[in-house]
Amino acid sequence: MTERTTGGVQSVERAFELLDLMADAGGTQTLSELANRTELPPPTIHRLLRTLVGRGYVRQLPNRRYALGPRLIRLGDGANRQLGQIAEPYLADLVRTLQESANLAVLDGDMVLYVAQVPSPHSVRMFTEIGRRAHTHDTGVGKAILSQLDENTVRSIVTRVGMPRATEHSIGDPDQLLEHLKDIRRRGYSIDDNEQEIGVRCYAVPIPGAPTPTAVSVSGPQTRVDEAFGERAVPLLLSAAEAIGREMSRTA
């Protein structure tokens, strides 16, 4: 662990870095694993963990591993609500122009979490419940989020949660997914083309500068969300993503 020079309280910085390391590792670590990834001596790590356990931000499992604690959920919920509030005006603009549902999602652990939606005015429309979690490999927002991560992180995510195929169009192989993500990075957007639900198509782009991997999307029935729709939607999504990213950077 490198020494901070920001004028902050060192013990607080160290505690947050331990939480970050645990999150990067999928949510659990042993004391020795944490010690191998930092320059801190084990007694210092143990003291910090004991404090975090006492506050509910970390919990100790029966097998002696340490896991992220339930009190972090409350903090995460509050942060996600704030992100949703920032994005909602831009989602509403997308819906007014494109007439299809617009969504904002973040990476939450190894899954995507939907934190905001403005629904389409059509009677037949896509509706995603706020707080719903979904896999990354077969959703538009999920693949847009994965495109922001390095190959090892992507492999770790899909290894931990698997790659169930919701439809015959879903990607079920990590190597195929990694090749697909190269295409997404090159063109700047992802498509869920009947991968999560037959008859549904979604266009999504990553949010640059977001404090956590985040994506914005528009989705609807494939009868309306076709290639011509995508040609109109992608520039608007990219513009909205840039604006949302700027707003998030200002409030971070």
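Description of the structure in this document. Computed from a prediction, not measured in an experiment: that's the story for all the values here.

**So, the sheet that holds strand E2 (residues 58-60)**
The strand order across the open sheet formed by three strands is E1-E3-E2, and the pairing between neighbours is antiparallel. Looking at the sheet topology across the chains shown, the edges are occupied by strand E1 (28-29) and E2. Relative to strand E3 (residues 66-68), E2 runs antiparallel, the two being bridged by three bridges. Paired with Gln60 across the bridge in E3 is Tyr66. Where helix H1 (residues 10-24) meets the sheet, its contacts fall on E1, E2 and E3, and the angle it forms with E3 comes to roughly 90 degrees. Against the sheet, helix H3 (residues 42-55) makes contact with E2 and E3, and its axis sits at roughly 105 degrees relative to E2, the strand it touches most.

**Here's the deal with the sheet that holds strand E6 (residues 133-134)**
Taken in spatial order, the six strands of this open sheet run E6-E5-E4-E9-E8-E7, and their pairing is antiparallel. Since the sheet does not close on itself, it has two edges, and those belong to E6 and strand E7 (190-193), each with one partner. Bridge count between strand E5 (residues 111-118) and E6: two bridges; the pairing is antiparallel. If you follow Leu113 over to E6, its bridge partner there is Arg133.

**Quick notes on the nonpolar core**
Grouped together as the largest cluster of nonpolar side chains are 31 residues, with contacts concentrated most on Leu91, Leu94, Leu104, Val216 and Val218. Looking at this core, the elements that each hand over two or more residues are helix H4 (71-98), strand E4 (101-108), E5, strand E8 (200-206), strand E9 (214-221) and helix H8 (227-251). Excluding anything up to four places from it in sequence, Val218 contacts Leu94, Leu98, Ser101, Ala102, Arg201, Cys202, Tyr203, Phe229, Ala233 and Leu237. The next biggest cluster of nonpolar side chains, apart from the first, holds 21 residues, and it includes Tyr114, Ala134, Leu146 and Ile157.

**Here we look at the side chain of Thr167**
Within the element layout of this structure, Thr167 appears in the loop between helix H6 (151-161) and helix H7 (174-187). Of note is the side chain of Thr167, whose polar atom sits 3.1 Å from the backbone nitrogen of His169. Among residues more than four places away in sequence, those in contact with Thr167 are Asn194, Glu195, Gln196, Glu197 and Ile198.

**Concerning the pairing of E7**
Looking at chain direction, E7 and E8 are connected through four bridges and run antiparallel. Residue pairing across strands places Asp192 opposite Cys202, the latter belonging to E8.

**Structural notes on H6**
Of all the residues in H6, the buried ones are Val154, Ile157 and Val158. Down the axis, H6 shows its buried residues gathered within 85 degrees of arc, on one side only. The exposed set on the far side of H6, more than 90 degrees from its buried face, consists of Asn152 and Thr159. Capping of H6 at its N-terminal end is provided by Asp150; its side-chain oxygen lies 3.1 Å from the backbone amide nitrogen of Asn152.

**So, the pattern of salt bridges**
Scanning the model with the defined rule gives eleven salt bridges in all. The partner of Arg186 in a salt bridge is Asp183, and the shortest N-O contact between them spans 2.8 Å. Of the two residues, Arg186 and Asp183 both sit in helix H7, three residues apart, roughly one turn of that helix. The class of Arg186 is exposed, set by a relative accessible area of 63%. You can call Asp183 partly exposed: its relative accessible area is 29%. Residues Asp193 and Arg201 are paired through a salt bridge, measuring 3.0 Å at the closest nitrogen-oxygen approach. Taking relative accessible area as the criterion, Arg201 reaches 15% and is therefore assigned buried. Each of Glu151, Arg155 and Asp175 takes part in a single network of salt bridges with overlapping partners.

Cut-off values and rules
- Residues numbered from 1 in each chain as written.
- Predicted model: local features only at pLDDT ≥ 70, side-chain atom pairs only at ≥ 80, totals over all residues.
- Heavy atoms only, no water.
- Pairing = 2+ DSSP bridges.
- Helix = DSSP H or I, 4+ residues; strand = E, 2+ residues; numbered from the N terminus.
- Contact = heavy atoms within 4.5 Å.
- Axes fitted to C-alpha atoms, helices over the stretch in contact; angles between N-to-C directions.
- Core = buried A, V, L, I, M, F, W, Y, C linked by side-chain atoms within 4.5 Å.
- Buried < 20%, exposed > 50% of the residue type's maximum accessible area, 1.4 Å probe, protein only.
- Polar contact = N/O pair within 3.5 Å; in protein donor to acceptor, adjacent residues only side chain to side chain.
- Arc of directions from axis to C-beta.
- Salt bridge = Lys/Arg side-chain N within 4 Å of Asp/Glu carboxyl O.

Remember that the coordinates give geometry; whether it matters functionally is a separate question.
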